Every structure is written in C-alpha cells, then in structure tokens.
Amino acid sequence: MSEARLDRPRRDDPWLMRTYSGHSSAAASNELYRTNLAKGQTGLSIAFDLPTQTGYDPDHVLARGEVGKVGVPVVHLGHMRTLLDHIPPGQMNTSMTINATAAWMLALYVANAEEQGVPTEALRGTTQNDIVKEYLSRGTYIFPPAPSRRLIVDMVAWCAQHSPKWNAMNVCSYHLQEAGATPVQEIAFSLATAIDVLDAVRDSGQVAPEQFAQVFGAISFFVNAGIRFVEEICKLRAFCELWDRIGLERYGVTDEKARRFRYGVQVNSLGLTEAQPENNIQRIVLEMLAVTMSKRARARSVQLPAWNEALGLPRPWDQQWSLRMQQVLAFETDLLEYGDLFDGSHVIEAKTTELRDAAWAELQDVLSLGGAFAAVDELKGRLVRSMAERTRSIEAGDQTVVGVNRFTETEPSPLNTPGNILTVDPAIEQQLVAELAQWRSARDQAAVSAALAALKAAAIDGSNIMEPSIALAKAGGTTGEWSQVLRDVFGEFRAPTGVNAAVGRRVGELAAVAEFVRGMAGGPPRFLVAKPGLDGHSNGAEQIAVAARDAGMEVVYSGIRLTPEQIVASAVEEDPDVVGLSILSGSHLSLVPSIVAMLRAEGVDAPVVVGGIIPEADRQRLADAGVSAGTRAPKGTTSRRLAGGGPPLPPTAPPAEPRRRDRSLNTSTGAQGQFSGPRATTCASLPA
C-alpha cells in the first residue's frame, strides 16, 4: 500500500477558488466573505453595486432603488475598511469586478492597505478594468473611449512601478459571450482590446522598454465557458496559442512565462434558466470541466454561479454548493495528477486550429478598423446580430435548451420553496444616504477640496491619475465626487445600442404577425422600450426591440441608464401604443410605480409592460401600481447578479382599438455613441 502511494503522480496545485459575491452593505459583505473563506474559498471576488460601478453616491437621483442590490456599495475609505475587516490585504488575492471606477476602487484598496502598514508591493489581485466590454455588453461605462483608455493606461503604468503583483487590467471576454459573441468573436474582440491598451501603454512613455515584458505578463483575462464542452476547451487552447504569438511577434516578449495566457473564469450565466433551474447544476459542472481538464489551458482561478441565479441573488448555502463543486473536482478526483489529457487528440487539435485561424482573421479585421476602442459601434452591431441569431435559433427549436424549448414536462421541484433567493432590504438605501451625510460632516472638507482640485489638475494636464486618487481616498473623498471631477473634464458617453445592425430574419409566427401588422388601420403600433435606472444588462431589451421590429412594430429604443423623467418625456414626444420597461437589477419596485404615475399625470395612457425578472411577491404590487403585463427576456438569456426572480406578471388584454394620435410632428433623432451633457429626452426610432 505504501509503495502504491509513492508511485502516485505529483498533484498540481489547484486553481484559486472564488465566489463572486457582495450585497447590501460593506458590513454584510464582510461577514459573507469571512464565512466563505472559512469554508475553503481561496480568493475574494468582489461584486459592487451599480451606483459604485457607474460613479454615483447613494444620494444621487440615478442611484434610487439600486443601492446594494447587485453588489456591495463602496462610497469611501470607511466602507473599504469595513469590507475588508480581518481580511489581511497582504495575504489575500482579491479580484474586483469594477471598470469605469477601477482607478478609484484601487485607490481605496491601496489607502486601506497602507493604513495597516502593508506596502503596495505586497498587494496581489486584479481590477477588471475592461471598458470596451462595458460599451459592448454590460453597460457600466462613464467616460468616452479615449479618456477611458487613458485611465487604464495610468493604472497599468502605476502598478508596474508600485504594485507589480497586481493585475491592473483583466481583459474580459465573459460578457461578450453573454451578449451573444461566437467563440471566434469572443477571442478576437478581447485580444483586440488587450492590444489597444498595450499599444497605448507602450506609446505613453510611462513604462521603460525593459519593463514592457513585465507589463505584458501582468495582463490577465476573464473568460466565459459555455455549454458546448468540446468547443470551449478548444477555444481556450486557441486563446493560449494566439496570446503567445502576439507577445512574441507584436511586442518582442522573449520570456515564455510572461507570454502565458493567464485567465480566470466565470462559467456561463447566459445559459442558466429559470425553467427547471435544477438543470443549471449539471450545466455549471460541465462548464467547469471545460476550463480545468486541459492542463495547458487550465484556468488560474474559477468562480461558479449558483443554481438559482436565474431567479435572483443566491443565498450563502447556494454559494457554498458551487464552492463544493470545485473542491470535489480539485481534491477528490485525480485530475491534477496528470498532464494535458487532450494533447495528440486529432479532434481537439483540428477544432483548435479552426478557431485559432478564424479568430486571427477576425482580429486583423478589428485592427484594420482602428482597434477595439475605435470600432465600438461596429463591434456592438456584430454582437447584437449574433445574439439575435442565437435567440431565433432557440425560438425555432434549432438550439435545444432543456426545460425551455424541449423536455418541458416537469415534476414540482423541491428546490422551489419560499426564501430560495436572497432579497436586499430596501431600507439599506436610506441607511447609506444617512451614513454618507455623517461621513461628509465629519471629514476635513478643506483637505477633500484640495485633493479634488489636484485630481482635476491631473486629469487636465495628463499626469498619472493614481496618486491624486489615492490622496483623495485618504482625505475622505467619495465615489461620486471622484467621478464627477472626471465627468467635468472628460464628459460622458452614450454607447451604441447595435439594434439597427440586427437585420430581421424571423420566419413563422412573427412573420405572420408582421404581415397582419402591416395591414392595421392607422399604421403599425409604436413600442417604446426603455431601461430605467443603472441596470446596464441590455441584451434582453435589445432582443425584444429586434423581435418587435421583426413583428412589424415601430420601435423606439435609446439604450440604457435613463431617469424616470427622461422616459416620460420621451413617451410624451413619441406617443407610443405600448411602453416596455426592462429592469434586471431588482429596482423595479422603486422605479416602475413612479414611472407609471408620471406617465398618467402627463396624459400618456399606453399600457406599461415590465420585462426582466420579477419576484413572485412583487407581481401584485406592480399590477396594483398600474402595470398592464409582465414579460421576460428571451428564455435562456439570463445575466449575472440579478436581484429578483419568479413567474411573469399575468398578461392582460390590449385595448380593442389601438390609440392613434397625429404623429406628423414627431422628430426623434437620438444619436447613438456620442458624448452627452444633459441627457436627451428623445429616442432613436427604428425602422419597421
């Protein structure tokens, strides 16, 4: 028996095991983190709420209903202290899913570490900091492309000098797949983003040529693993080969270790379903295998969703279940005792070559357009087209989603019990607003004002933004104050919706509807699709807009992040027959009733439909507030970090006679992908 043990192969070290988590408050999230670490989690993965991600303090009008819903609010240094209480920054590997405000969150993290006597050189972790994918898919951008890239470059350069173990940028292909990217697009678009940033770092003069290999080696990736098991394995092997080639050929990096493709993974949430959610368990396991079985393309860190994330925020027990999946694979099986299981496989090598070559060609095309930052409009259109094809394929039954369009017969699930999702106490928002007022009154305002002035000066003269950001964090500045200074200097950005690029090709039922609509007296119905609040997950709204257009309707859609006042003003001007509101962040109870009341006060009597994921307990409350019906995003297209779940609202019959008004004076234009000062109230009308 002892000889057998001696002959057993040496086991590789397992990957970092993370759980993407955070909600309500810094104190509640700290308790969750410490509990998860005690259960064997080996790295932190912090989810921030939408106001934090988009640079608003909790007392801002756009933060209404959003505080603490899909992540933890971090407004100032006091919150960072509480969030990481008894979690030593010099020992922890921390991943922060933060982009537009990444420099600020890193500044708070550094300030907290220095308070504890931990030098910046000892800090290990990652800031996601990929703004291109925010323009393309997730929606938590603030600034236009050029200054956004400048902020990333400043962070990369600062980390190279002061915190070399910190990954200043985590190029994120995860959300590209969530937005419909094919494997080829996922590889090409994310590599184009990395090249764009690396070129800018090289050209900035902030990093010496002899340091560039270190900078290249510090770029990490965050990828998605979908349900097509073999294809995902090959995609990651292709990623490895292409990154190595880029490092050697484009940047002359001769150190093989520095050219390794280092990535963390969140397995696919796009395919998680509300229908028969127990099926999500086997989906998660298979997708985890796709990123761990091939040693040459194995993830450095893995975080798994919970089985019920298509319903809402997972409970601690659900997160524990996902963590145990990783632990069973890493510590009970013999996977880590062997070399790469797929080397020499003709099937794997052929598919890897196919994906690699196609992705390289797609990458060259993106570079010919000026790179990822310059080609945001074009890339967004390509993603919306790809998602439209996926949605149509599921609707037609060409792509099977078990429990959704096939094998839908089901027994009642014992998992579907009251309390199977976590809800955030709405009182947390007012508590945070009150605490923020106390924080401001207790700080040295003169020191804050001086730090804000220094930050503005750096933004204007091109100095590295990190040092004044750290100084502001130490002085007691807030997320909203940091962001507002840069908004004043850089301006804001309205990203393209990509909907006009999705050519309607639906057949069957919708084609018949379109034929009927074309013959309606008074012309086709007009459908206003709007996304109130800070929720940037627009994939469902975009596909609803495309489907409505394919059905012959006139569609008005201007993208994300609108206040109730802007939506109502647009409805008054556009005179829609139906208003559709899409909210996936859990803020529907705060935003929807006020929008309905404001619409009625302005004389807009069009029925209001609420889309997204609506908890069972909220259905009647929305109906009582005047909502006519509820619907969902296309089945099988869920997004990460939803804050509510449950069946849709009961549909109600539309008016027998569509309300028609004289629209001869409507002049909506609504340019997309432009800088904005005050938000325009009109939307872009899409052709039927």
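In this text the structure is predicted, and so the values were computed from the model without any measurement.

Here's the deal with the sheet that holds strand 8 (residues 263–267)
Phase 1 of the analysis: An order of 5-4-3-2-1-9-8-7-6 is seen for the nine strands of this open sheet, with the pairing classed as parallel. Whereas interior strands pair on both sides, the edge strands pair on one side only; in this sheet they are strand 5 (166–167) and strand 6 (170–172).
Phase 2 of the analysis: Against the sheet, helix 11 (residues 229–249) touches strand 7 (220–225) and strand 8, its axis set at about 160 degrees to strand 7.

Points about the pattern of salt bridges
Pairs can form between side chains of opposite charge whenever their charged atoms are close.
Phase 1 of the analysis: By the definition in use, this model includes 40 salt bridges.
Phase 2 of the analysis: Linking arginine 440 and aspartate 57 is a salt bridge whose minimum nitrogen-to-oxygen distance equals 2.9 Å. You can see arginine 440 sitting in helix 16 (residues 427–442) and its partner aspartate 57 sitting in the loop between helix 3 (50–54) and helix 4 (77–83), a full 383 residues away along the chain.
Phase 3 of the analysis: Given the relative accessible area of 27%, arginine 440 is considered partly exposed.
Phase 4 of the analysis: Taken together, the salt bridges that share partners define one network made up of Glu362, Asp365, Glu378, Arg382 and Arg385.

Re the nonpolar core
Phase 1 of the analysis: Among the nonpolar cores identified, the biggest contains 149 residues, and Leu83, Met105, Leu191, Phe221, Trp243, Tyr263 and Leu486 are the most heavily contacted of them.
Phase 2 of the analysis: For leucine 191, the residues in contact, after removing those within four places along its chain, are Phe221, Phe239, Leu242, Trp243, Ile246 and Leu363.

With respect to the confidence of the model for the protein chain
Phase 1 of the analysis: On average, residues of the protein chain score 85 in pLDDT, and 88% of them reach the 70 mark or higher.
Phase 2 of the analysis: Contacts for the low-pLDDT stretch residues 632–688, under 50 throughout, to residues beyond four places or in other chains number 188 contacts.

Some remarks on the environment of histidine 588
Phase 1 of the analysis: Note on placement: histidine 588 falls in helix 23 (residues 588–601).
Phase 2 of the analysis: Under the relative-accessibility criterion, histidine 588 is labelled buried at 2%.
Phase 3 of the analysis: Residues histidine 588 and glycine 65, spaced 523 residues apart in sequence, show a C-alpha to C-alpha distance of 7.7 Å.
Phase 4 of the analysis: A distance of 2.7 Å separates a polar atom in the side chain of histidine 588 from a polar atom in the side chain of aspartate 618.

Considering the pairing of strand 2 (residues 43–47)
Phase 1 of the analysis: Counting buried positions over the five residues of strand 2 gives five, a clear majority of the element.
Phase 2 of the analysis: The side-chain alternation of strand 2 yields two buried faces, one formed by Gly43, Ser45 and Ala47 and the other by Leu44 and Ile46.
Phase 3 of the analysis: With four bridges connecting them, strand 1 (residues 16–21) and strand 2 associate as parallel partners. Paired with tyrosine 20 across the strands is serine 45, a residue of strand 2.
Phase 4 of the analysis: Regarding topology, helix 2 (residues 26–38) serves as the crossover connection from strand 1 to the parallel strand 2, and that connection is right-handed.
Phase 5 of the analysis: The pairing of strand 2 with strand 3 (residues 93–97) spans four bridges and is parallel. Bridge assignment links isoleucine 46 to a residue of strand 3, and that residue is methionine 96.

Side note on the pairing of strand 13 (residues 578–583)
Phase 1 of the analysis: Counting buried positions along strand 13 gives five out of six residues, so the element sits mostly inside the fold.
Phase 2 of the analysis: The sheet contact formed by strand 11 (residues 526–530) and strand 13 spans four bridges and is parallel. Bridge pairing in strand 13 links valine 529 to glycine 580.
Phase 3 of the analysis: When strand 13 meets strand 14 (residues 608–612), the two strands line up parallel, connected through five bridges. Within the sheet, the bridge partner assigned to leucine 581 lies in strand 14 and is valine 610.
Phase 4 of the analysis: Tracing the backbone out of strand 13, into helix 23 and back to the parallel element strand 14 gives a crossover that is right-handed.

Reading the values: rules and limits
Residues numbered from 1 in each chain as written. Predicted model: local features only at pLDDT ≥ 70, side-chain atom pairs only at ≥ 80, totals over all residues. Heavy atoms only, no water. Pairing = 2+ DSSP bridges. Helix = DSSP H or I, 4+ residues; strand = E, 2+ residues; numbered from the N terminus. Contact = heavy atoms within 4.5 Å. Axes fitted to C-alpha atoms, helices over the stretch in contact; angles between N-to-C directions. Salt bridge = Lys/Arg side-chain N within 4 Å of Asp/Glu carboxyl O. Buried < 20%, exposed > 50% of the residue type's maximum accessible area, 1.4 Å probe, protein only. Core = buried A, V, L, I, M, F, W, Y, C linked by side-chain atoms within 4.5 Å. pLDDT = per-residue confidence, 0-100. Polar contact = N/O pair within 3.5 Å; in protein donor to acceptor, adjacent residues only side chain to side chain. Right-handed = clockwise from strand over helix to strand, strands pointing away.

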